[in-house]
Amino acid sequence: NPFQSSCLSSDQLHVDAPIMLSRTSRALSKHWQHARAFSAVPDTMIAAVIRETGPSSNMKIEKDYPTPKLAPGGVIVKNKYSGINFIDTYHRSGLYKRELPFIGGQEGGGEIAAASPEAIAQGVKVGDRVSYSSVFQTYAQYTAVPASKVITVPESVPLDVAVSCGVQGMTAHYLTHSAHAGLVKPGEWMLIHGTGSGTCQWAAQMAKLRGYKVIGTCSKSKEDIARATGVDELIVYDEAPGTSYEDYTSVDLVPRVMEITKGEGVKAVIDGIGLATYETSIDVLARRGIFVSFGNASGAVPAFPPLKFINKSGYLTRPKLNDYTVTREELMERANDIFGWIASGKLQVAVDRCFPLEQAVEGHDYLEAGRSRGKVLYSIPQ
């Protein structure tokens, strides 16, 4: 052990000291490299765990859940915030299948608590302030994250805003930049449902930055938020009794859209509502327009015949975020756009509510009731 003292004669010291000093230097170097790669990561942690799928009440807080292990090419993030998204409710309910048990969530942010040698080689280090998305098990104090998924957060961007940029910001970016496959051009019409909350607040703003003409929809209680996104036209629905959700029967959408577009329809529809809107989304498409169905807020879209698209030779895509952040380069291109727009004031991000993790059930209930007016987060106990 090079850290143990040795009794050396003057002859031995003269001959052997350079060798001993060299070995000691190497050992010290390894020691400090190890110190830079790890901070104190406990064996167990607090997490919101689903052991049986179903209602929000099935999500339980556990205080001794095993902390994830550091994997090659990865880091351990000590979370300060975790985002709450509709896809989390689909996993919890069993609509989207997951192996049980599991920790909820797939976006978060905080500080790197441990880093693998491969991550360090990529320039990631312990103490870095980061956000990430498309990584499972984030309703917890610690999450194992591939270094390729980590985004260093600029000092100019608050961490809660950066975490909000994860699933919703990235989703809005690929919806308005990529998922429509270029079938809508600047100056052409796009319909975006639900511009008063969540992902589509972002999408409406990004669509305007891209130069599209945008028709938004929202409920009466969220009209102020939707108008603030800068949409060209806004269709405002009544609210379903006892909810903050739109009553999609309260406005005849198709003739209204046709009036706005002078009978042509829209070249793209971005629809995260699902069951309640998919038929009208198809009906308002222009010739060779595309229906981008990305969510199920009102229920899943059922199977339907492709003949529904024959009237205007329309297109359909059902995208997901992971397929639009495939490479590190693609991830950072989207992140740099988003952080740049936030820093310049071109993109406004609203953090609506931040529930303590102990109120995990309340967070899901709030989102599923349609009450959110922006991003909903959990704050993670430190």
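For every chain, the first residue of the written sequence is number 1, and numbering continues from 1 onward in sequence order. With the structure being a predicted model, the display of local features is reserved for residues of pLDDT at least 70 and the display and counting of side-chain atom pairs for 80 or more, all residues being used for whole-chain, interface and lining totals. Hydrogen atoms and water are omitted, and side-chain values are computed over all heavy atoms in the structure.

The pLDDT value expresses, per residue, how confident the predictor is, ranging between 0 and 100. This prediction gives the chain a mean pLDDT of 90; 90% of its residues lie at or above 70. Residue contacts follow a heavy-atom distance rule, with two residues in contact if any of their heavy atoms lie within 4.5 Å. Confidence drops under a pLDDT of 50 for residues 1–36, and excluding neighbours within four residues, the segment shows nine contacts in the predicted structure.

On to the sheet that holds strand E14 (residues 315–317), then. At least two DSSP bridges between two strands are needed for those strands to be called paired. What counts as a helix is a DSSP run of H or I of at least four residues, what counts as a strand is a run of E of at least two, and both are numbered from the N terminus. Pairing is parallel across the open sheet formed by six strands, whose spatial order is E11-E10-E9-E12-E13-E14. With one partner strand each, in any of the chains shown, strand E11 (233–237) and E14 form the two edges of the open sheet. Pairs of neighbouring strands in the sheet enclose a mean axial angle of 15 degrees, with direction left out of account. With five bridges joining them, strand E10 (residues 213–219) and E11 adopt parallel strand pairing. Considered in E11, the bridge of Gly 216 is made with Leu 234. Every angle, taken between N-to-C directions, lies between 0 and 180 degrees, and every axis is a line fitted to C-alpha atoms, over only the stretch in contact when it is a helix. Sitting on the sheet, helix H5 (residues 199–210) touches strand E9 (189–192), E10 and strand E12 (266–271), and the angle it makes with E9 is about 170 degrees.

So, on to helix H2 (residues 86–93). The rule is simple: take the accessible area with a 1.4 Å probe, protein chains only, and divide by the maximum for that residue type; under 20% is buried, over 50% is exposed, in between is partly exposed. Among the residues of H2, Asp 88, Thr 89, Tyr 90, His 91 and Arg 92 are the ones counted as buried. Here the buried face of H2 lies against strand E1 (44–50), strand E3 (74–84), strand E4 (102–103) and helix H10 (360–368). Where H2 ends, the next residue or the one after it, Gly 94, has phi of about 100 degrees, a positive value.

Planes of paired rings set the category: under 30 degrees apart is stacked, over 60 is edge-to-face and the rest tilted, where pairs are Phe, Tyr or Trp rings (Trp by its six-membered ring) whose centres lie within 6.5 Å. For the structure shown, the criterion picks out eight aromatic pairs. Between Tyr 174 and Tyr 324, the ring centres sit 4.6 Å apart and the planes meet at 5 degrees, which makes this aromatic pair stacked. In this pair, Tyr 174 sits in helix H4 (residues 159–177) while Tyr 324 sits in the loop between E14 and helix H9 (328–344), placing the two residues 150 residues apart along the sequence. With respect to burial, Tyr 174 and Tyr 324 carry one shared label: buried. With centroids separated by 5.0 Å and ring planes inclined at 65 degrees, the aromatic side chains of Tyr 237 and Tyr 248 adopt a geometry described as edge-to-face. Taken together, the residues span a long stretch of sequence, with Tyr 237 in strand E11 and Tyr 248 in the loop between E11 and helix H7 (253–260) at a distance of 11 residues. The burial state of Tyr 237 is the same as that of Tyr 248; both residues are buried. Put simply, the rings of Phe 86, Tyr 90 and Tyr 96 pair up and form one aromatic cluster.

In this section: the side chain of Thr 67. Structurally, Thr 67 is set in the loop between strand E2 (59–66) and E3. Since its relative accessible area comes to 5%, Thr 67 is described here as buried. A polar contact of 3.3 Å, which involves the side chain of Thr 67, links it to the backbone nitrogen of Thr 44. Among residues more than four places away in sequence, those in contact with Thr 67 are Val 41, Pro 42, Asp 43, Thr 44, Met 45 and Tyr 142. Counted as a polar contact is a pair of N or O atoms within 3.5 Å, where, for protein atoms, one must be capable of donating a hydrogen and the other of accepting one, and residues adjacent in sequence contribute only when both atoms are in side chains.

Turning our eyes to something else, we now look at the packing of H4 against H5. Two elements in contact, H4 and H5, have axes whose closest approach is 8 Å; the angle formed by their N-to-C orientations is 40 degrees. The orientation of H4 relative to H5 falls into the category oblique. Handedness of the H4/H5 crossing: right-handed. Residues Ser 164, Cys 165, Gln 168, Gly 169, Thr 171, Ala 172, His 173, Leu 175, Thr 176 and His 177 of H4 form the contact with H5, whose own contacting residues are Thr 199, Trp 202, Ala 203, Met 206, Ala 207 and Arg 210. Three residue categories are used. Nonpolar comprises Ala, Val, Leu, Ile, Met, Phe, Trp, Tyr, Cys and Pro, charged comprises Asp, Glu, Lys and Arg, and polar comprises the others, including Gly. Residue composition of the contact of H4 with H5, by class: seven nonpolar, eight polar and one charged. Orientation is classified from the angle alone, with under 35 degrees giving roughly parallel, over 145 giving roughly antiparallel, 65 to 115 giving roughly perpendicular, and any other angle giving oblique. Should the near helix be turned anticlockwise from the far one by less than a right angle, the crossing is termed left-handed; should it be turned clockwise, right-handed.

Here the focus is the pairing of strand E16 (residues 375–379). For E16, the buried fraction is high: four of the five residues fall into the buried class. Here E3 pairs with E16 via four bridges, running antiparallel. Counterpart to Tyr 81 in the pairing with E16 is Ser 379. Strand direction decides the pairing type here: strand E15 (residues 351–356) and E16, joined by five bridges, are parallel. Each residue of the ladder has a partner; that of Arg 353, found in E16, is Val 376.

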